[in-house]
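# Coordinate inspection notes
For reference, the chains in residue letters:
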Amino acid sequence: MVIADIAARTLPRLLIGTDGPESLADHVGRLGALPELRVDADRWQLISTLEASGLRGRGGAGFPVGTKWRTVAVQAQAAGGGVVLANAAEGEPASAKDRTLLALRPHLVLDGAVLSARAVGASEIVLYIGREMTRARHAIEAAIRERRSARLKEPRIRIVDAPDRYVAGEESAAVHRINGSDAKPTVVPPRPFQRGIHGAPTLVQNVESLAHAALIARLGETWFRAAGTATSPGTCLLTVRSADEVRVREVEFGTTIGQVLAGLERAEAPQAVLVGGYFGAWLPWRRAADLPLEYDALRAAGAGLGCGVVLALPRDCCGLAEGARILRYLADETAGQCGPCVHGLHAMADVMWRVAFGRPKGNDAGQLRRWAGQVAGRGACRHPDGAVGMVKSCLDTFADELEAHARHGACPAALRAAAVAPIPDQEGGWR
Amino acid sequence: MKAVLRVNPIKCAAEGICAELFPERIQLDDWGYPIIEQGEIPEALIEHARQAVAECPRLALILQEQS
Ligand SMILES: Cc1cc2nc3c(=O)[nH]c(=O)nc-3n(C[C@H](O)[C@H](O)[C@H](O)COP(=O)(O)O)c2cc1C
Ligand code: SF4
């Protein structure tokens with residue numbers, strides 16, 4: 001009865017129920033038991049279904065999930081085993097969707113992790129979870145206990161703390177941490193799918209991606225594609241923010257940014273939107289309002305879904321100030337390993353600080369763009385690439401403000417308004 | 001034979017010797033770290049590339065040669 005209920009509607013799929021974690025009984029009552037993939041053909045069939053569903057990863061890079069499972073399954077077969085790393089580090093300060101999902105539907109995420117382990121042939125699951133996420137963690141720990149008492153035959157699920165650092169959730173950093181070292185990225189190759197946890201082929205998958213996979217395994221790819229658009233099927237979790245509001249929402253792909261922001265308490269149209277988080281892109285409202293959240297349209301607009309953050313900048317705030325604070329934060333959050341990233345981001349942050357809060361010099365914007373071009377692609381991980389992309393879009397979107405700052409000095413909004421983009425304290429260690 | 005030169009950014013410490021030995025393909029950025037021009041290295045330049053690799057005190061350069 002309940003399966004039919006879910007199958008019949010498009011939304012919500014993940015964010016069902018709002019008061020506290022769903023129990024195992026409710027979860028199984030709603031969806032039925034997880035497919036066991038008893039014979040080899042079953043797991044390849046599931047991987048084909050995932051490929052056909054068009055599900056893409058929700059941790060930032062948007063890589064096709066089925067393709068990754070197939071790659072790891074082949075590697076694990078050759079290596080005689082594999083590991084699943086369920087990534088709930090959620091290092092992005094503006095994002096809350098992963099912790100919300102874990103807190104509400106821990107069993108759906110665990111289902112996805114167990115299913116992926118069965119599909120790729122992994123004998124261990126590591127759930128890598130942000131250290132500060134108390135609610136999510138309690139929900140997951142309780143859910144694991146419930147599954148043990150129910151004597152579900154599943155691979156062992158181990159929880160490892162992700163330190164509170166921006167890059168700790170990068171896949172090679174996560175593997176490094178779980179292998180007993182600092183949560184800092186390593187030089188790839190070998191990538192985790194080749195040699196990851198304990199040297200075994202490792203499937204690194206964001207927890208939202210896993211939750212979608214757990215539904216597709218039961219309801220099929222046609223059901224998945226009933227929501228969203230032809231090229232961006234399904235629904236996605238977003239963290240929608242404005243000055244003093246944060247909401248996690250599930251929307252169908254193809255929903256416009258204007259629709260996503262409708263219903264925020266601040267009714268007035270924002271001046272600009274940051275799409276995709278701190279590695280994302282600033283877009284002026286006139287370009288963002290009718291832009292569908294959909295992979296192709298976002299790419300054409302110079303943006304991306306990233307980790308699903310949509311941050312609305314109210315009219316009485318300064319976009320340059322927001323960009324400068326974010327860049328300073330990202331510069332302080334490098335792993336301190338690669339020269340171009342460490343020096344480049346700090347140098348850029350200094351100039352950007354002057355642009356936002358002082359009086360920009362004539363060539364400051366040009367210098368920032370030149371450095372952005374130099375720094376991108378030259379770190380062990382894509383941290384610098386993400387950071388400079390955000391800066392370039394900030395300079396483009398707030399070009400008028402930049403000119404005004406150059407002429408009159410920092411605007412009153414830059415000096416007055418509290419930050420919209422959250423900047424955490426930076427005291428965390430690397431383990 | 002295809003040859004591509006890469007740098008391990010974690011090992012690299014801006015010694016700058018590579019840019020002296022292989023100026024045809026390596027420039028230094030504003031902080032002294034090498035920017036390697038993308039693409040295959042032609043036969044004529046392969047010796048310079050090998051020398052840069054050999055002389056890097058950090059062993060941070062990698063020449064991937066595939067035949
Ligand atoms: C600097 C940096 C930080 C990242 N942090 C996270 C994170 O906190 N959580 C996450 O799921 N992915 C994060 N990623 C992406 C992961 O490297 C990886 O692509 C992802 O977990 C794979 O899962 P998916 O394919 O389901 O998205 C980060 C990437 C970079 C470059
Ligand atoms: S690119 Fe930056 S964040 Fe990534 S490993 Fe190197 S120093 Fe650390």
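Residues numbered from 1 in each chain as written. Chains lettered and ligands numbered in written order. Predicted model: local features only at pLDDT ≥ 70, side-chain atom pairs only at ≥ 80, totals over all residues. Heavy atoms only, no water.

## Describing the site of ligand 1
Residues and elements named next belong to chain A. Taken together, 19 residues form the shell around ligand 1, and within it G59, G91, Q205, N206 and S209 come nearest. The separation between an oxygen atom of ligand 1 and a polar main-chain atom of G59 is 2.6 Å. Its free accessible area being 610 Å², ligand 1 has 89% of it covered by the protein chains. Top contributing element to the shell around ligand 1 by residue count: strand β4 (residues 202-206), with three residues. Each residue belonging to the shell around ligand 1 can be placed in one class, and the counts come to five nonpolar, nine polar and five charged. (Near = heavy atom within 4 Å. Polar contact = N/O pair within 3.5 Å; in protein donor to acceptor, adjacent residues only side chain to side chain. Areas by Shrake-Rupley, 256 points an atom, 1.4 Å probe, with all protein chains shown as cover. Helix = DSSP H or I, 4+ residues; strand = E, 2+ residues; numbered from the N terminus. Nonpolar A, V, L, I, M, F, W, Y, C, P; charged D, E, K, R; others polar.)

## What about the site of ligand 2?
The full set close to ligand 2 counts 13 residues, and A:A335, A:Q337, A:C338, A:C341 and A:C381 are the nearest of them. For the shell around ligand 2, a count of residues per class yields eight nonpolar, five polar and no charged.

## Brief notes about the packing of aromatic side chains
Residue and element names in this part refer to chain A. Under the definition given, this model contains eight aromatic pairs over all chains. By the ring-pair criterion, three or more aromatic residues cluster together here, those being Y166, Y278, F279 and Y329. Here the basic side chain of R13 rests over the ring of W223, its NZ or CZ set 3.8 Å away from the ring centre. The residue whose ring lies beneath R328 is W353, and the NZ or CZ to ring-centre distance is 5.2 Å. (Phe/Tyr/Trp six-rings, centres within 6.5 Å; stacked < 30°, edge-to-face > 60°. Lys NZ or Arg CZ within 6 Å of the ring centre and 35° of its normal.)

## Considering the domain arrangement of chain A
Residues and elements named next belong to chain A. The domain boundaries assigned to chain A delineate domain 1 (3-225), domain 2 (235-313) and domain 3 (319-415). Computed over C-alpha atoms only, the centres of domain 1 and domain 3 are separated by 35 Å. Listed as interface residues are 10 residues of domain 1 and, on the opposing side, nine residues of domain 3. Counting the surface lost from both domain 1 and domain 3, the interface buries some 820 Å², and carbon and sulfur atoms represent 58% of this. On the surface where domain 1 and domain 3 come into contact, there are one salt bridge. A salt bridge links R165 to E333; the nearest nitrogen and oxygen atoms lie 3.3 Å apart. Class assignment of the residues belonging to the side of domain 1 that touches domain 3 gives a composition of five nonpolar, two polar and three charged. (Domains from an automatic or database assignment. Contact = heavy atoms within 4.5 Å. Buried area = accessible area lost by both parts, 1.4 Å probe. Salt bridge = Lys/Arg side-chain N within 4 Å of Asp/Glu carboxyl O.)

## What about the sheet that holds strand β7 (residues 272-275) of chain A?
Residue and element names in this part refer to chain A. Here we have five strands laid out as an open sheet, ordered β6-β5-β9-β7-β8, and mixed in their pairing. The open sheet has two edge strands, β6 (245-252) and β8 (281-284), and neither has a second partner. With direction set aside, neighbouring strand axes in the sheet form an average angle of 25 degrees. The sheet contact formed by strand β5 (residues 235-242) and β6 spans eight bridges and is antiparallel. Pairing of S242 across the sheet is with E245, part of β6. (Pairing = 2+ DSSP bridges. Axes fitted to C-alpha atoms, helices over the stretch in contact; angles between N-to-C directions.)

## Some remarks on the side chain of A:E294
All names here are of chain A. If you trace the backbone, E294 turns up in the loop between α11 (285-288) and α12 (295-300). Despite its burial, E294 pairs with no opposite charge, the nearest such side chain being R299 at 7.4 Å. Not counting chain neighbours up to four residues away, the residues in contact with E294 comprise T229, T231, S232, F253 and G254. (Buried < 20%, exposed > 50% of the residue type's maximum accessible area, 1.4 Å probe, protein only. Lys, Arg positive; Asp, Glu negative; His and termini not counted.)

## Concerning helix α9 (residues 207-225) of chain A
Each full turn of the α-helix corresponds to 3.6 residues, which orients residues three or four apart in the same direction. Residues and elements named next belong to chain A. With 19 residues, α9 extends just 20 Å between its outermost C-alpha atoms, more than 12% less than the 27 Å of an ideal straight helix rising 1.5 Å per residue. In α9, a bend of some 115 degrees at L219 exceeds every other bend along the element. Of all 19 residues that make up α9, 15 are buried, and the element is covered over most of its length. (Expected span 1.5 Å × (residues − 1). Bend = angle between axes of the 7 residues up to and from the residue.)

## Description of the interface of chain A and chain B
Taken together, the 19 residues of chain A in the interface contact 10 residues of chain B. Taken together, both faces of the contact between chain A and chain B bury some 1100 Å²; the carbon and sulfur share is 60%. Linking chain A to chain B there are two salt bridges. As a salt-bridge pair, B:D29 and A:R378 come within 3.0 Å of each other at their nearest N and O atoms. Across the chain A-chain B interface, the total number found is six residue pairs in polar contact (both at pLDDT 80 or more). The set of elements that each furnish at least two residues to the side of chain A that touches chain B consists of α14 (339-357) and α15 (364-375) of chain A. Here the residues of the side of chain A that touches chain B sort into 10 nonpolar, seven polar and two charged.

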